[in-house]
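Summary of the model geometry
Listed here are the chains, written in short residue letters.
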Amino acid sequence: MFERYFKLSESGTSVKTELLAGLTTFLSMAYILFVNPSVLGAAGMDKNAVFVATGLIGAIATVFMGVVAKYPFAIAPGLGINAFFAYSVVIGMGVKWQTALAGVFVAGVIFWILTVFKIREIIINAIPADLKAAIAGGIGLFIAMIGLVDGGIISANKSTIIGWGDWSDPKVLLTIVGVLITFALYARKVPGAIFIGMVATSIIGLFTGLIPLPSSLVASVPSLSPTFGQAIFGLKDVFTWEMVPVILTFLLVAFFDTAGSLIGIARSGGFLVNNELPRAGKALMADAIGMLGGSLLGTSPTTAFVESSTGIAIGGRTGLTSVFTGLFLLLSLFFSPLLVVVTSNVTAAALIIVGVLMASNFKAINWDDFPIAAASFLTIIGMPLSYSISDGIALGFIVYPLLMIVTGRAKKVHPIMYGLGLLFILFVIILQTNG
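Let me sum up the structure you'll find in this document. Quick caveat: nothing in here was measured; it's all calculated off a predicted structure. Counting starts from 1 at the beginning of each chain's written sequence and moves along it residue by residue. Local features in a predicted model are, by the rule used here, given only for residues with pLDDT of at least 70; side-chain atom pairs are given and counted only at 80 or more, and totals for whole chains, interfaces and linings are based on all residues. Only hydrogens and water are removed before side-chain values are computed, so all heavy atoms of the structure are retained for them.

A look at the overall build of the protein chain
Secondary structure elements are taken from DSSP: a helix is a run of H or I of four residues or more, a strand is a run of E of two residues or more, and numbering for both begins at the N terminus. The helix and strand inventory of the protein chain stands at 19 helices and four strands. Relative to a compact globule of 435 residues, whose C-alpha radius of gyration would be 22 Å, the protein chain shows 21 Å and is just as compact. Along the first, second and third principal axes, the C-alpha set of the protein chain runs to 60 × 60 × 55 Å. Here's how the labels work: a residue is buried when its accessible area is under 20% of the maximum for its type, exposed when over 50%, partly exposed in between, all with a 1.4 Å probe on protein chains only. Evaluated residue by residue, the protein chain yields a buried proportion of 56% over its 435 residues. Note that the radius of gyration is over C-alpha atoms, with the globule rule given as 2.2 Å times the number of residues to the power 0.38.

A short note on the pattern of salt bridges
One side-chain nitrogen of Lys or Arg within 4 Å of one carboxyl oxygen of Asp or Glu is enough to make a salt bridge. All chains considered together, the criterion is met by two salt bridges. When the shortest N-O distance is used, the salt bridge between aspartate 237 and lysine 236 registers 3.1 Å. Residue classification places aspartate 237 among the partly exposed positions, given a relative accessible area of 33%. Here aspartate 369 and arginine 409 are joined by a salt bridge, their closest N and O atoms 2.8 Å apart. Residue aspartate 369 is located in the loop between helix H16 (344-358) and helix H17 (370-386), and its partner arginine 409 is located in the loop between helix H18 (389-406) and helix H19 (415-433); the two are separated by 40 residues in the primary sequence. Residue classification places aspartate 369 among the buried residues on the basis of a relative accessible area of 14%. Residue classification places arginine 409 among the partly exposed residues on the basis of a relative accessible area of 21%.

Quick notes on the environment of valine 238
Here valine 238 is to be found in the loop between helix H11 (230-233) and helix H12 (244-269). Residues valine 238 and valine 95, spaced 143 residues apart in sequence, show a C-alpha to C-alpha distance of 9.5 Å.

Some points on the pairing of strand E2 (residues 154-157)
Strands qualify as paired when DSSP identifies two bridges or more between them. Where E2 and strand E3 (residues 161-164) come together, four bridges link them in antiparallel fashion. Note on E3: the bridge partner recorded for alanine 156 is isoleucine 162. Adjacent in sequence and paired antiparallel, E2 and E3 are bridged by three residues.

Structural notes on the packing of aromatic side chains
In this analysis, rings of Phe, Tyr and Trp, with Trp reduced to its six-membered ring, are considered paired at centre separations within 6.5 Å, and the interplanar angle assigns stacked below 30 degrees, edge-to-face beyond 60, and tilted for intermediate values. Enumeration according to the criterion identifies 10 aromatic pairs in this entry. An angle of 85° between the planes, with centres 5.0 Å apart, marks the rings of tyrosine 5 and phenylalanine 6 as edge-to-face. A relative accessible area of 37% places tyrosine 5 in the partly exposed class. Its relative accessible area of 9% is what places phenylalanine 6 among the buried residues. On the basis of an interplanar angle of 80° and a centroid distance of 5.6 Å, the ring pair of tyrosine 71 and phenylalanine 271 is categorised as edge-to-face.

Side note on the packing of helix H6 (residues 97-116) against H12
A pair of packed helices is captured by two measures, namely the crossing angle of their axes and the spacing between those axes. Whenever a helix is involved, its axis is fitted only over the stretch in contact; in every case the axis is a line through C-alpha atoms, and angles between N-to-C directions fall within 0 to 180 degrees. Between H6 and H12, the shortest axis-to-axis distance is 8 Å and the interhelical angle comes to 50°. As judged from the angle between their axes, H6 and H12 are oblique. Along this stretch, H6 crosses H12, giving a crossing that reads as right-handed. Two secondary-structure elements touch here, H6 through Ala100, Gly103, Val104, Val106, Ala107, Ile110, Phe111 and Leu114 and H12 through Ile247, Phe250, Leu251, Ala254 and Phe255. By definition in this entry, angles of less than 35 degrees are roughly parallel, angles greater than 145 are roughly antiparallel, angles of 65 to 115 are roughly perpendicular, and the rest are oblique. Handedness of each helix crossing follows the sense of rotation of the near helix against the far helix: counterclockwise by less than a right angle gives left-handed, clockwise gives right-handed. The contact definition used throughout considers only heavy atoms, calling two residues in contact when any of these lie within 4.5 Å.

Regarding the side chain of threonine 227
Mapped onto the secondary structure, threonine 227 falls in the loop between helix H10 (193-208) and H11. Residue threonine 227 is classed as buried on the basis of its relative accessible area of 0%. Sequence-distant contacts of threonine 227, defined by excluding residues within four places in its chain, comprise Met45, Ala49, Val50, Trp97, Leu101, Leu296, Leu297 and Gly298.

Focus: H10
Residue count minus one, scaled by 1.5 Å, sets the expected span of a helix. For H10, built from 16 residues, the straight-helix expectation of 22 Å at 1.5 Å per residue is met to within 8% by its first-to-last C-alpha distance of 22 Å. Taken residue by residue, H10 has Ala193, Ile194, Phe195, Gly197, Met198, Thr201, Ser202 and Gly205 as its buried positions. Where H10 is buried, its residues touch helix H2 (15-29), helix H9 (170-187), helix H14 (308-313) and H16. One or two residues past the end of H10 sits glycine 209, with phi positive at roughly 80°.

Here's the deal with unusual backbone geometry
Phi is positive for lysine 189, close to 60°, though the residue is something other than glycine. Among the structural elements, lysine 189 can be located in the loop between H9 and H10. Owing to a relative accessible area of 72%, lysine 189 belongs among the exposed residues under this scheme. Of note in the backbone geometry, arginine 279 takes a positive phi value of approximately 60° without being a glycine. Secondary-structure assignment places arginine 279 in the loop between H12 and helix H13 (280-297). Note on arginine 279: relative accessible area 37%, which makes it partly exposed.

Focus: the environment of glycine 78
You can see glycine 78 is positioned in the loop between strand E1 (75-77) and helix H5 (81-92). Separated by 43 residues in the primary sequence, glycine 78 and valine 35 place their C-alpha atoms 9.9 Å from one another.

What to know about the nonpolar core
In these notes, a set of buried Ala, Val, Leu, Ile, Met, Phe, Trp, Tyr and Cys residues joined through side-chain atoms within 4.5 Å is what counts as a nonpolar core. If you look at the biggest cluster of nonpolar residues, it comprises 117 residues, and the most contacted ones within it are Met65, Phe73, Phe85, Phe250 and Phe397. The element best represented in this core is H12, accounting for 14 residues. With residues up to four places along the chain from it excluded, the contact list for phenylalanine 85 reads Leu40, Met45, Val90, Trp97, Ala100, Leu101, Val104, Phe250 and Ser300. If you look at the next biggest cluster of nonpolar residues, it comprises eight residues, including Met145, Ile153, Ala349 and Ile352.

A word on the side chain of serine 322
Looking at the secondary structure, you find serine 322 in helix H15 (residues 319-332). On the basis of relative accessible area, serine 322 is assigned to the buried category, the value being 1%. Non-local contacts of serine 322, meaning those with residues more than four positions away in its chain, are made with Thr62, Val63, Met65, Gly66, Tyr71, Pro72, Phe73 and Ala74.

Describing a nonpolar patch on the surface
Every patch collects residues that have over 30% relative accessible area and no salt bridge, joining them within 9 Å if they carry like charges and within 5 Å if they are nonpolar side chains (Val, Leu, Ile, Met, Phe, Trp, Tyr). Areas reported here follow the Shrake-Rupley algorithm with a probe of radius 1.4 Å; residue values treat only the protein chains shown as occluding. A cluster of nonpolar side chains, contributed by Leu217, Val218, Val221, Leu331, Phe334, Phe335 and Leu338, occupies part of the molecular surface with about 590 Å² of accessible area. Mapped onto the fold, valine 218 is located in the loop between H10 and H11. Classification of valine 218 as partly exposed rests on a relative accessible area of 48%.

Here's what the structure looks like:
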(Lines give C-alpha, C1' and ligand atoms only; values in the text may rest on other atoms or scores of the structure.)
Protein backbone atom coordinates (compact mmCIF):
# COMPACT_ATOMS: atom_id res chain seq x y z
CA MET A 1 0.00 0.00 0.00
CA PHE A 2 2.77 2.40 0.96
CA GLU A 3 4.71 1.49 -2.18
CA ARG A 4 1.78 2.22 -4.49
CA TYR A 5 0.69 5.47 -2.89
CA PHE A 6 4.08 7.05 -2.14
CA LYS A 7 6.02 5.40 -5.00
CA LEU A 8 8.88 4.48 -2.68
CA SER A 9 10.98 2.48 -5.17
CA GLU A 10 10.69 5.22 -7.76
CA SER A 11 11.99 7.70 -5.18
CA GLY A 12 14.85 5.42 -4.17
CA THR A 13 13.65 4.77 -0.64
CA SER A 14 11.88 2.15 1.49
CA VAL A 15 9.45 1.96 4.42
CA LYS A 16 12.39 1.33 6.77
CA THR A 17 14.28 4.38 5.50
CA GLU A 18 11.18 6.57 5.67
CA LEU A 19 10.50 5.39 9.23
CA LEU A 20 14.07 6.20 10.28
CA ALA A 21 13.85 9.58 8.53
CA GLY A 22 10.53 10.38 10.20
CA LEU A 23 11.92 9.48 13.62
CA THR A 24 15.05 11.56 13.03
CA THR A 25 13.00 14.59 11.99
CA PHE A 26 10.80 14.14 15.06
CA LEU A 27 13.75 13.89 17.43
CA SER A 28 15.32 16.98 15.88
CA MET A 29 12.16 19.07 16.31
CA ALA A 30 10.85 17.55 19.56
CA TYR A 31 12.26 20.49 21.51
CA ILE A 32 9.34 22.64 20.30
CA LEU A 33 6.98 20.50 22.42
CA PHE A 34 8.63 21.95 25.52
CA VAL A 35 9.97 25.31 24.32
CA ASN A 36 6.62 26.51 22.98
CA PRO A 37 4.71 25.96 26.26
CA SER A 38 7.50 27.74 28.12
CA VAL A 39 7.34 30.80 25.85
CA LEU A 40 3.55 31.02 25.65
CA GLY A 41 3.32 30.24 29.36
CA ALA A 42 5.03 33.58 29.99
CA ALA A 43 1.94 35.17 28.42
CA GLY A 44 -0.29 33.51 31.00
CA MET A 45 -1.37 30.53 28.92
CA ASP A 46 -1.71 27.07 30.48
CA LYS A 47 1.55 25.25 29.71
CA ASN A 48 0.04 21.78 29.71
CA ALA A 49 -2.69 22.80 27.28
CA VAL A 50 -0.13 24.49 25.00
CA PHE A 51 1.97 21.30 25.10
CA VAL A 52 -0.98 19.29 23.79
CA ALA A 53 -1.95 21.95 21.23
CA THR A 54 1.63 22.06 19.93
CA GLY A 55 1.89 18.30 19.45
CA LEU A 56 -1.63 17.86 18.11
CA ILE A 57 -1.56 20.57 15.44
CA GLY A 58 1.98 19.54 14.50
CA ALA A 59 0.74 15.99 13.93
CA ILE A 60 -2.34 17.08 11.95
CA ALA A 61 -0.49 19.49 9.64
CA THR A 62 2.51 17.19 9.14
CA VAL A 63 0.38 14.16 8.27
CA PHE A 64 -1.59 16.35 5.83
CA MET A 65 1.72 17.38 4.28
CA GLY A 66 2.69 13.73 3.88
CA VAL A 67 -0.60 12.31 2.63
CA VAL A 68 -1.74 15.18 0.37
CA ALA A 69 1.44 17.00 -0.71
CA LYS A 70 3.60 13.85 -0.38
CA TYR A 71 6.67 15.71 0.86
CA PRO A 72 8.91 14.83 3.86
CA PHE A 73 8.38 18.26 5.44
CA ALA A 74 7.25 18.65 9.06
CA ILE A 75 5.08 21.50 10.35
CA ALA A 76 4.64 22.76 13.92
CA PRO A 77 4.43 26.05 15.86
CA GLY A 78 7.56 28.05 15.08
CA LEU A 79 10.18 29.75 17.20
CA GLY A 80 10.45 33.53 16.93
CA ILE A 81 6.81 34.18 16.12
CA ASN A 82 5.84 32.59 19.46
CA ALA A 83 8.16 35.04 21.22
CA PHE A 84 6.53 37.92 19.32
CA PHE A 85 3.14 36.58 20.42
CA ALA A 86 4.09 36.33 24.10
CA TYR A 87 6.57 39.12 24.76
CA SER A 88 5.67 41.80 22.21
CA VAL A 89 1.90 41.44 21.86
CA VAL A 90 0.68 40.07 25.20
CA ILE A 91 3.29 41.32 27.66
CA GLY A 92 4.56 44.39 25.76
CA MET A 93 1.26 45.71 24.37
CA GLY A 94 -0.92 44.42 27.19
CA VAL A 95 -3.18 42.46 24.83
CA LYS A 96 -5.04 39.50 26.34
CA TRP A 97 -3.68 36.18 25.13
CA GLN A 98 -7.18 35.22 23.99
CA THR A 99 -7.23 38.31 21.76
CA ALA A 100 -3.75 37.51 20.48
CA LEU A 101 -4.97 34.03 19.54
CA ALA A 102 -7.87 35.67 17.72
CA GLY A 103 -5.29 37.73 15.82
CA VAL A 104 -3.57 34.51 14.78
CA PHE A 105 -6.95 33.14 13.68
CA VAL A 106 -7.70 36.19 11.49
CA ALA A 107 -4.22 36.02 9.97
CA GLY A 108 -4.81 32.31 9.41
CA VAL A 109 -8.01 32.98 7.48
CA ILE A 110 -6.16 35.45 5.22
CA PHE A 111 -3.34 32.94 4.96
CA TRP A 112 -5.79 30.24 3.85
CA ILE A 113 -7.39 32.51 1.22
CA LEU A 114 -3.97 33.38 -0.25
CA THR A 115 -3.21 29.66 -0.42
CA VAL A 116 -6.51 28.63 -2.00
CA PHE A 117 -6.11 31.18 -4.79
CA LYS A 118 -2.47 30.08 -5.27
CA ILE A 119 -1.14 33.57 -4.59
CA ARG A 120 1.50 32.16 -2.25
CA GLU A 121 2.58 29.66 -4.91
CA ILE A 122 2.89 32.40 -7.55
CA ILE A 123 5.03 34.51 -5.22
CA ILE A 124 7.37 31.65 -4.36
CA ASN A 125 7.88 30.76 -8.04
CA ALA A 126 8.72 34.41 -8.83
CA ILE A 127 11.79 34.39 -6.58
CA PRO A 128 15.07 34.20 -8.60
CA ALA A 129 17.02 30.94 -8.42
CA ASP A 130 20.03 32.69 -6.88
CA LEU A 131 17.98 34.04 -3.99
CA LYS A 132 16.41 30.62 -3.47
CA ALA A 133 19.92 29.19 -3.17
CA ALA A 134 20.80 31.98 -0.73
CA ILE A 135 17.73 31.20 1.35
CA ALA A 136 18.65 27.51 1.46
CA GLY A 137 22.26 28.24 2.43
CA GLY A 138 21.20 30.87 4.95
CA ILE A 139 18.86 28.42 6.63
CA GLY A 140 21.82 26.05 6.85
CA LEU A 141 23.80 28.67 8.80
CA PHE A 142 20.72 29.46 10.88
CA ILE A 143 20.05 25.89 12.03
CA ALA A 144 23.77 25.27 12.58
CA MET A 145 23.72 28.37 14.78
CA ILE A 146 20.78 26.92 16.72
CA GLY A 147 22.71 23.69 17.24
CA LEU A 148 25.90 25.47 18.33
CA VAL A 149 24.04 27.73 20.77
CA ASP A 150 21.68 25.11 22.22
CA GLY A 151 24.58 22.70 22.59
CA GLY A 152 26.59 25.32 24.49
CA ILE A 153 29.50 25.34 22.03
CA ILE A 154 29.04 29.08 21.47
CA SER A 155 27.32 31.68 23.65
CA ALA A 156 26.85 35.40 24.20
CA ASN A 157 30.00 37.35 25.04
CA LYS A 158 30.06 40.92 26.39
CA SER A 159 33.38 41.74 24.74
CA THR A 160 32.90 40.17 21.31
CA ILE A 161 29.08 39.78 21.17
CA ILE A 162 29.50 36.07 20.54
CA GLY A 163 32.21 33.63 21.56
CA TRP A 164 32.96 30.12 22.77
CA GLY A 165 30.76 28.69 25.48
CA ASP A 166 32.07 27.04 28.63
CA TRP A 167 33.81 24.01 27.18
CA SER A 168 34.66 22.78 30.67
CA ASP A 169 30.95 22.11 31.20
CA PRO A 170 30.42 18.31 30.89
CA LYS A 171 27.20 18.85 28.92
CA VAL A 172 29.04 20.98 26.36
CA LEU A 173 31.68 18.26 26.12
CA LEU A 174 28.84 15.80 25.47
CA THR A 175 27.71 18.00 22.57
CA ILE A 176 31.24 18.13 21.14
CA VAL A 177 31.64 14.35 21.44
CA GLY A 178 28.26 13.88 19.74
CA VAL A 179 29.27 16.19 16.88
CA LEU A 180 32.57 14.36 16.36
CA ILE A 181 30.85 10.94 16.41
CA THR A 182 28.19 12.06 13.94
CA PHE A 183 30.73 13.71 11.64
CA ALA A 184 32.87 10.57 11.66
CA LEU A 185 29.89 8.34 10.87
CA TYR A 186 28.75 10.62 8.05
CA ALA A 187 32.26 10.89 6.62
CA ARG A 188 32.38 7.08 6.52
CA LYS A 189 29.00 7.14 4.71
CA VAL A 190 27.36 4.98 7.36
CA PRO A 191 23.62 4.65 6.58
CA GLY A 192 21.56 6.61 9.11
CA ALA A 193 24.71 8.33 10.45
CA ILE A 194 22.83 11.31 11.90
CA PHE A 195 20.29 9.18 13.75
CA ILE A 196 22.95 6.74 14.99
CA GLY A 197 24.98 9.71 16.21
CA MET A 198 22.00 10.99 18.21
CA VAL A 199 21.41 7.55 19.76
CA ALA A 200 25.09 7.19 20.65
CA THR A 201 25.16 10.65 22.23
CA SER A 202 22.03 9.86 24.26
CA ILE A 203 23.53 6.60 25.53
CA ILE A 204 26.75 8.35 26.56
CA GLY A 205 24.70 11.02 28.30
CA LEU A 206 22.67 8.44 30.22
CA PHE A 207 25.73 6.45 31.31
CA THR A 208 27.58 9.58 32.48
CA GLY A 209 24.55 10.97 34.27
CA LEU A 210 24.49 14.09 32.08
CA ILE A 211 21.07 13.12 30.77
CA PRO A 212 18.46 12.17 33.38
CA LEU A 213 16.66 8.87 33.26
CA PRO A 214 12.96 9.32 32.51
CA SER A 215 10.75 9.13 35.60
CA SER A 216 8.29 6.87 33.80
CA LEU A 217 7.50 5.51 30.36
CA VAL A 218 4.05 7.04 29.91
CA ALA A 219 1.94 9.86 31.28
CA SER A 220 -1.67 10.87 30.78
CA VAL A 221 -2.35 13.51 28.13
CA PRO A 222 -3.07 16.90 29.77
CA SER A 223 -6.39 18.68 29.19
CA LEU A 224 -6.70 21.02 26.21
CA SER A 225 -9.71 22.88 27.64
CA PRO A 226 -7.85 25.95 29.02
CA THR A 227 -6.91 27.11 25.49
CA PHE A 228 -9.30 25.28 23.14
CA GLY A 229 -11.57 27.67 21.22
CA GLN A 230 -10.36 30.77 23.07
CA ALA A 231 -9.47 32.39 19.74
CA ILE A 232 -13.16 32.55 18.87
CA PHE A 233 -14.02 34.21 22.19
CA GLY A 234 -11.24 36.74 21.59
CA LEU A 235 -12.62 37.86 18.21
CA LYS A 236 -14.81 40.50 19.90
CA ASP A 237 -11.65 42.47 20.82
CA VAL A 238 -9.47 41.83 17.78
CA PHE A 239 -10.84 44.34 15.27
CA THR A 240 -9.03 47.44 16.51
CA TRP A 241 -6.34 49.65 14.97
CA GLU A 242 -3.92 48.41 17.62
CA MET A 243 -4.30 44.85 16.35
CA VAL A 244 -3.78 45.67 12.65
CA PRO A 245 0.05 45.63 12.80
CA VAL A 246 -0.13 42.54 15.05
CA ILE A 247 -2.25 40.60 12.55
CA LEU A 248 -0.07 41.81 9.66
CA THR A 249 3.08 40.69 11.46
CA PHE A 250 1.60 37.25 12.18
CA LEU A 251 0.70 36.98 8.49
CA LEU A 252 4.04 38.17 7.09
CA VAL A 253 6.25 36.16 9.42
CA ALA A 254 4.22 32.98 8.91
CA PHE A 255 4.14 33.52 5.13
CA PHE A 256 7.84 34.04 4.62
CA ASP A 257 9.15 31.78 7.37
CA THR A 258 7.31 28.90 5.73
CA ALA A 259 8.14 30.03 2.19
CA GLY A 260 11.81 30.38 3.11
CA SER A 261 11.90 27.05 4.92
CA LEU A 262 10.12 25.21 2.10
CA ILE A 263 12.43 26.68 -0.54
CA GLY A 264 15.53 25.88 1.49
CA ILE A 265 14.51 22.35 2.37
CA ALA A 266 13.19 21.60 -1.13
CA ARG A 267 16.26 22.93 -2.87
CA SER A 268 18.70 21.06 -0.62
CA GLY A 269 16.68 17.87 -0.97
CA GLY A 270 16.52 18.15 -4.76
CA PHE A 271 12.73 18.58 -4.88
CA LEU A 272 12.72 21.72 -7.06
CA VAL A 273 12.00 21.24 -10.77
CA ASN A 274 12.95 24.13 -13.06
CA ASN A 275 13.27 26.36 -9.98
CA GLU A 276 9.71 25.51 -8.90
CA LEU A 277 8.27 23.19 -6.28
CA PRO A 278 5.78 20.70 -7.74
CA ARG A 279 2.58 20.45 -5.68
CA ALA A 280 3.57 23.67 -3.93
CA GLY A 281 -0.07 24.59 -3.43
CA LYS A 282 -0.75 21.39 -1.48
CA ALA A 283 2.40 21.86 0.63
CA LEU A 284 1.40 25.42 1.46
CA MET A 285 -2.14 24.31 2.30
CA ALA A 286 -0.71 22.06 5.03
CA ASP A 287 0.81 25.13 6.66
CA ALA A 288 -2.41 27.13 6.27
CA ILE A 289 -4.32 24.34 8.02
CA GLY A 290 -1.68 24.34 10.75
CA MET A 291 -2.01 28.07 11.38
CA LEU A 292 -5.82 28.05 11.44
CA GLY A 293 -6.12 24.86 13.46
CA GLY A 294 -3.35 25.89 15.84
CA SER A 295 -5.10 29.13 16.74
CA LEU A 296 -8.29 27.19 17.58
CA LEU A 297 -6.42 24.61 19.66
CA GLY A 298 -4.44 27.30 21.45
CA THR A 299 -0.99 27.98 20.04
CA SER A 300 0.99 30.51 18.00
CA PRO A 301 1.44 30.27 14.17
CA THR A 302 2.94 27.17 12.59
CA THR A 303 5.74 26.97 10.07
CA ALA A 304 7.60 24.37 8.01
CA PHE A 305 10.43 23.11 10.22
CA VAL A 306 13.93 23.37 8.82
CA GLU A 307 14.76 20.36 11.00
CA SER A 308 12.99 18.34 8.30
CA SER A 309 16.39 18.46 6.60
CA THR A 310 17.73 15.99 9.15
CA GLY A 311 15.25 13.34 7.98
CA ILE A 312 15.87 14.14 4.33
CA ALA A 313 19.62 13.90 4.91
CA ILE A 314 19.32 10.25 5.97
CA GLY A 315 17.13 9.27 3.04
CA GLY A 316 13.59 10.57 3.59
CA ARG A 317 12.18 11.24 0.12
CA THR A 318 8.39 10.93 0.26
CA GLY A 319 5.36 11.93 2.30
CA LEU A 320 5.63 8.70 4.27
CA THR A 321 8.43 10.37 6.24
CA SER A 322 5.98 13.11 7.28
CA VAL A 323 3.31 10.56 8.16
CA PHE A 324 5.73 8.83 10.53
CA THR A 325 6.84 12.18 11.98
CA GLY A 326 3.21 13.11 12.60
CA LEU A 327 2.53 9.78 14.30
CA PHE A 328 5.56 10.28 16.57
CA LEU A 329 4.23 13.73 17.48
CA LEU A 330 0.94 12.12 18.50
CA LEU A 331 2.69 9.38 20.46
CA SER A 332 4.82 11.99 22.23
CA LEU A 333 1.69 13.24 23.99
CA PHE A 334 1.53 9.88 25.78
CA PHE A 335 5.26 9.30 26.19
CA SER A 336 6.36 12.79 27.11
CA PRO A 337 8.61 11.59 30.01
CA LEU A 338 10.89 9.86 27.47
CA LEU A 339 11.62 13.13 25.69
CA VAL A 340 13.87 14.27 28.54
CA VAL A 341 16.50 11.97 27.04
CA VAL A 342 16.62 13.89 23.76
CA THR A 343 18.22 17.08 25.04
CA SER A 344 19.61 19.96 22.99
CA ASN A 345 23.07 18.45 23.50
CA VAL A 346 21.84 15.38 21.61
CA THR A 347 20.14 17.19 18.72
CA ALA A 348 22.93 19.75 18.27
CA ALA A 349 25.04 17.44 16.09
CA ALA A 350 22.14 16.79 13.72
CA LEU A 351 21.50 20.50 13.25
CA ILE A 352 25.17 21.33 12.73
CA ILE A 353 25.81 18.62 10.15
CA VAL A 354 22.68 19.58 8.21
CA GLY A 355 24.00 23.14 8.22
CA VAL A 356 27.17 21.85 6.58
CA LEU A 357 25.15 20.02 3.93
CA MET A 358 22.88 22.98 3.16
CA ALA A 359 25.88 25.30 2.76
CA SER A 360 26.54 23.55 -0.57
CA ASN A 361 23.83 25.80 -2.02
CA PHE A 362 26.27 28.73 -1.97
CA LYS A 363 27.93 27.40 -5.12
CA ALA A 364 24.72 27.99 -7.12
CA ILE A 365 24.88 31.76 -6.51
CA ASN A 366 26.41 34.02 -9.17
CA TRP A 367 28.90 35.83 -6.95
CA ASP A 368 30.29 37.77 -9.92
CA ASP A 369 27.04 39.73 -10.31
CA PHE A 370 27.10 42.28 -7.49
CA PRO A 371 23.34 42.95 -7.14
CA ILE A 372 22.73 39.21 -6.84
CA ALA A 373 25.79 38.68 -4.65
CA ALA A 374 24.87 41.51 -2.25
CA ALA A 375 21.23 40.45 -1.91
CA SER A 376 22.26 36.83 -1.44
CA PHE A 377 24.91 37.68 1.13
CA LEU A 378 22.52 39.80 3.20
CA THR A 379 19.92 37.03 3.05
CA ILE A 380 22.48 34.46 4.18
CA ILE A 381 24.12 36.45 6.96
CA GLY A 382 20.86 38.04 8.10
CA MET A 383 19.27 34.76 9.19
CA PRO A 384 21.77 33.67 11.87
CA LEU A 385 22.53 37.23 13.02
CA SER A 386 18.86 38.17 13.48
CA TYR A 387 17.95 34.63 14.56
CA SER A 388 15.08 34.79 12.08
CA ILE A 389 14.56 33.32 8.62
CA SER A 390 12.06 36.01 7.62
CA ASP A 391 14.35 38.85 8.73
CA GLY A 392 17.17 37.51 6.56
CA ILE A 393 14.83 37.22 3.59
CA ALA A 394 13.66 40.80 4.21
CA LEU A 395 17.19 42.18 3.86
CA GLY A 396 17.86 40.39 0.59
CA PHE A 397 14.47 41.14 -0.95
CA ILE A 398 14.74 44.86 -0.20
CA VAL A 399 18.25 45.20 -1.63
CA TYR A 400 17.82 43.03 -4.75
CA PRO A 401 15.26 45.17 -6.69
CA LEU A 402 16.98 48.38 -5.57
CA LEU A 403 20.37 47.32 -6.96
CA MET A 404 18.82 45.97 -10.15
CA ILE A 405 17.23 49.39 -10.72
CA VAL A 406 20.46 51.37 -10.19
CA THR A 407 22.33 49.03 -12.56
CA GLY A 408 19.78 49.56 -15.33
CA ARG A 409 18.20 46.11 -15.17
CA ALA A 410 14.85 47.03 -13.72
CA LYS A 411 12.92 45.16 -16.44
CA LYS A 412 14.65 41.90 -15.56
CA VAL A 413 13.06 41.91 -12.12
CA HIS A 414 9.72 40.15 -11.77
CA PRO A 415 7.00 42.67 -10.77
CA ILE A 416 6.21 40.52 -7.74
CA MET A 417 9.74 41.10 -6.44
CA TYR A 418 9.11 44.86 -6.44
CA GLY A 419 5.95 44.31 -4.46
CA LEU A 420 7.78 42.07 -2.01
CA GLY A 421 10.52 44.67 -1.60
CA LEU A 422 7.98 47.33 -0.60
CA LEU A 423 6.14 44.86 1.62
CA PHE A 424 9.33 43.95 3.45
CA ILE A 425 10.16 47.61 4.04
CA LEU A 426 6.78 47.87 5.78
CA PHE A 427 7.50 44.58 7.56
CA VAL A 428 10.79 45.90 8.96
CA ILE A 429 9.15 49.14 10.08
CA ILE A 430 6.41 47.20 11.92
CA LEU A 431 8.93 44.90 13.64
CA GLN A 432 11.09 47.84 14.74
CA THR A 433 8.06 49.79 15.93
CA ASN A 434 6.73 46.88 17.97
CA GLY A 435 10.12 45.92 19.34
